[in-house]
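Tertiary structure, described
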Amino acid sequence: MSARPGLCGGHQAHWCPYRDQQLRFGVVLRCCALGDRVTEDVTFLIDRRPVILLESTCSRLSEEQFLPVEDAHPLRRIARILEKHIVLLNRSYFHGDQNMKHMIKVFRFLAICTISVAFATLSIASAQVYTSIDKPQVLSNAVANGPIHFDVSSPLSAALLTAPAQQGDRVTHAPIQPKLFQLRGALQSNVGAAGGALQPLIGSPISATLGLSFEGVGMADLALHNCSALLGFHVAPPDTNAAVGDTQVVQWVNLCYAVFDKSTGATILGPIAGNAFWQGFGGPCETSNDGDPIIQWDKSNHRWLAAQNVFSPPYMTCIAVSQTADATGSYYRYAFPQPGFPDYPKWGLTRSVYYQTQNIFDPILVFGVNVCAYDGKSMLKGSSKAMQVCIFDNSNGTFFDDSMLPADDDSDSGPTNREVLLGSIDNFFPGDTHVYEYVFDVNFGNPAKSTLAGVNGSMPISVPAFNLAFCSGQFRITDCVKQPGTIYQLDTLGDRLMYRLAHFDERGTQHFLVTHSVNNTTAVAARWYEFRAQGLGTTSLSLYQSGQTPDDGEYRWMGSVAMDKMGDIAIGYSRSSAASGDYPSIYYAGQTAGDPLGTTEAEALIKQGSGSQTDTVDRWGDYSSMALDGADSCTFWHTNEYYPVTAGFRWDTWLASLKFPNCR
């Protein structure tokens, strides 16, 4: 892929992402939006086929289409013009029209460029915190959809394996930071802001001990489960997550998954490309393998759920629900629509409803969060009439709400159609004293009665003050984590709560656990919270306790947290510093039930890294995971990444079980 940038009116070109490349093409749309004339043509290639945006085209659009129109921003008119020229028919994509597929890729390129420019030129409305509102703001604009496509797969164990020629290195798309420009400006005027409040620590090592511990799927050339050999290229970062079933552990990373024996760690299947879940399904679910994967275990129904979004038009969510507890067997497969670029999808499972959130970026919608519920009962039966009900939240125009996590049930607490979500910690710099709650009440029988409460930050939960894990990074304001022997600093993803929002019901007391990265006085810390609500199905959350890792010059980030049935808390994360030999490594800490509230026991090592990550646009990962084994509700499984040598695109992953001694 190549691009020759046009020039106009002295405006600086903007870098615009397309898959793993960075193309200086945003300048053309910027010129159009401002009514300027492009002084030369722009030619670029997609799939080795030329696409040309002529100077005359841009001039014509500017002159004919961008006359003043009340309440219409030029960027939105650009998007409408593009849509007129490229008609996206979701269902027809499954019939394999190659010309249409090429046009869709072109539209995707243009749309993402438009998004990039939109966030460079549109100011975000000033955020307001509604800390004194008695009644939360509520949305009731639900949209119901049936599946675009449905079928039943052959067993995954029969998936075809290929070994293509090596094609180089690729970076998956970085999560778009909704408040990037607002916070970047604040950061530049507040460099050196004081760190967040310190949290009490316990000097003794954490009492939980490691059990089974083994290598997962990796991109290192000598990795035991080498994904790059299957794909034909190296990719970064891994976006590591795993789930544990009755007898198996499934790990899914960018862009492969594998199935392991829970008792021995032996490989049962894989690595296999992630889109093998939809092999033979047709359409972009089968042909795309875009990353941001999620693998989940439905503890109530003993089934697997695999999900991956499609990041090119027609945007959609691809879901595979296993027919049995065997992850290598057959799946019910679904494709459901999404209204725009569905970034950073996250999932929370309950007994009868599966919940999903994603930040939506679209040239017309501009920005919002699509909060979706899926009829789990019907999907578990393999019904082609299973329904998706979504509410699009743009915070009533303020764009306050973003990056929500739906609660993921670890305790089989019974059916409920009211889902708790948390998010939106990125509205203020240097930080906030709140985490924001939302409640999604879905009604599949009458979708119009579905509601989303807490809109526009109207259900704040008070927490100790924190500072976002921001700095003056090389590529992003979150590129803060130092490593030994290199100038490259790693992305903290400090603008959002980290996956998962773990939920555990203990005899009617609802526990909600979540973590995020914060600045302390010397580096970056992992901050964790336990919120509580009294009564089954109760959704009025309050902070019970919060803890934080030490302020000792070490960078701790990419955390994930959960609670066992005895109330023990385990948090896993990455740790690094610039000190010699202190390579990014995998650690865990937490709190034993009975410890003083807010205390965090001293950490213990899971896997020592042997190298630093270089030259991958500082992308360490989008999430890790701490999963609780539903078979005993005592054993935690953490998976995360590390580097066996200093390199770029040569990461490996590790899986480890751990357990507190008092949980039986």
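Residues numbered from 1 in each chain as written. Predicted model: local features only at pLDDT ≥ 70, side-chain atom pairs only at ≥ 80, totals over all residues. Heavy atoms only, no water.

**Structural notes on the pairing of strand β16 (residues 256–261)**
Of all 6 residues that make up β16, 5 are buried, and the element is covered over most of its length. Two elements, strand β15 (residues 248–253) and β16, share 6 bridges in a ladder whose sense is antiparallel. Looking at the pairing, V249 lines up with F260 of β16. Where β15 hands over to β16, the hairpin turn is made up of 2 residues, counted between the paired strands. Bridge analysis of β16 against strand β17 (residues 267–273) gives 4 bridges, and the strand direction is antiparallel. Within β17, the position partnered with C256 by the bridge is A273. (Buried < 20%, exposed > 50% of the residue type's maximum accessible area, 1.4 Å probe, protein only. Helix = DSSP H or I, 4+ residues; strand = E, 2+ residues; numbered from the N terminus. Pairing = 2+ DSSP bridges.)

**Describing the sheet that holds strand β42 (residues 636–642)**
The 4 strands lie next to each other as β10-β43-β42-β41, forming an open sheet whose pairing is antiparallel. With partners counted over all chains shown, the strands left at the sheet margins are β10 (209–215) and β41 (625–628), one partner each. On average, each strand axis in the sheet is tilted by 20° relative to the strand beside it, whichever way the strands run. (Axes fitted to C-alpha atoms, helices over the stretch in contact; angles between N-to-C directions.)

**Topic: the side chain of S322**
Within the secondary structure, S322 is located in strand β20 (residues 316–322). Each residue touching S322, except ones within four places of it in the same chain, is listed here: R303, W304, S330 and Y331. (Contact = heavy atoms within 4.5 Å.)

**Describing the pairing of strand β23 (residues 353–362)**
Within β23, 10 of the 10 residues are buried, which leaves the element mostly enclosed by the surrounding structure. Neither face of β23 is exposed, since V353, Y355, T357, N359 and F361 on one face and Y354, Q356, Q358, I360 and D362 on the opposite face are all buried. Here strand β22 (residues 341–349) pairs with β23 via 7 bridges, running antiparallel. Bridged to K346 within β23 is T357. Between the end of β22 and the start of β23, which pair antiparallel, lie 3 residues.

**Focus on the pattern of salt bridges**
Counted by the stated rule, this structure contains 22 salt bridges. For D552, the salt bridge identified is with R556, shortest N-O distance 2.9 Å. On the basis of relative accessibility, which here comes to 43%, the residue D552 falls in the partly exposed class. We note a salt bridge from R575 to E603, for which the minimum N-O separation is 2.6 Å. On the criterion of sequence distance, the pair formed by R575 in strand β38 (residues 569–576) and E603 in strand β40 (residues 600–607) is long-range, its members being 28 residues apart. Each of D552, E554, R556, R575, D582 and E603 takes part in one network of salt bridges that share partners. (Salt bridge = Lys/Arg side-chain N within 4 Å of Asp/Glu carboxyl O.)

**Brief notes about the state of the cysteines**
Scanning the entire structure with this criterion turns up 5 disulfides. The residue that forms a disulfide with C227 is C256, at a sulfur-sulfur distance of 2.0 Å. In this structure, the disulfide formed by C227 and C256 twists by about 75° around the S-S bond and is classed as right-handed. One end of the pair, C227, is in helix α6 (residues 227–231); the other, C256, is in strand β16, with 29 residues separating them in the sequence. Owing to a relative accessible area of 0%, C227 belongs among the buried residues under this scheme. Given a relative accessible area of 0%, C256 falls into the buried group. In this model C285 forms its disulfide with C318; the gap between the sulfur atoms is 2.1 Å. Looking down the S-S bond of the C285 and C318 bridge, the torsion is -90°, so its handedness is left-handed. Remark: C318 occurs in strand β20 and C285 occurs in helix α7 (residues 283–287); sequence separation between them is 33 residues. A residue is classified by how much of its surface remains accessible, and C318, at 2% relative accessible area, is buried. (Disulfide = S-S within 2.5 Å.)

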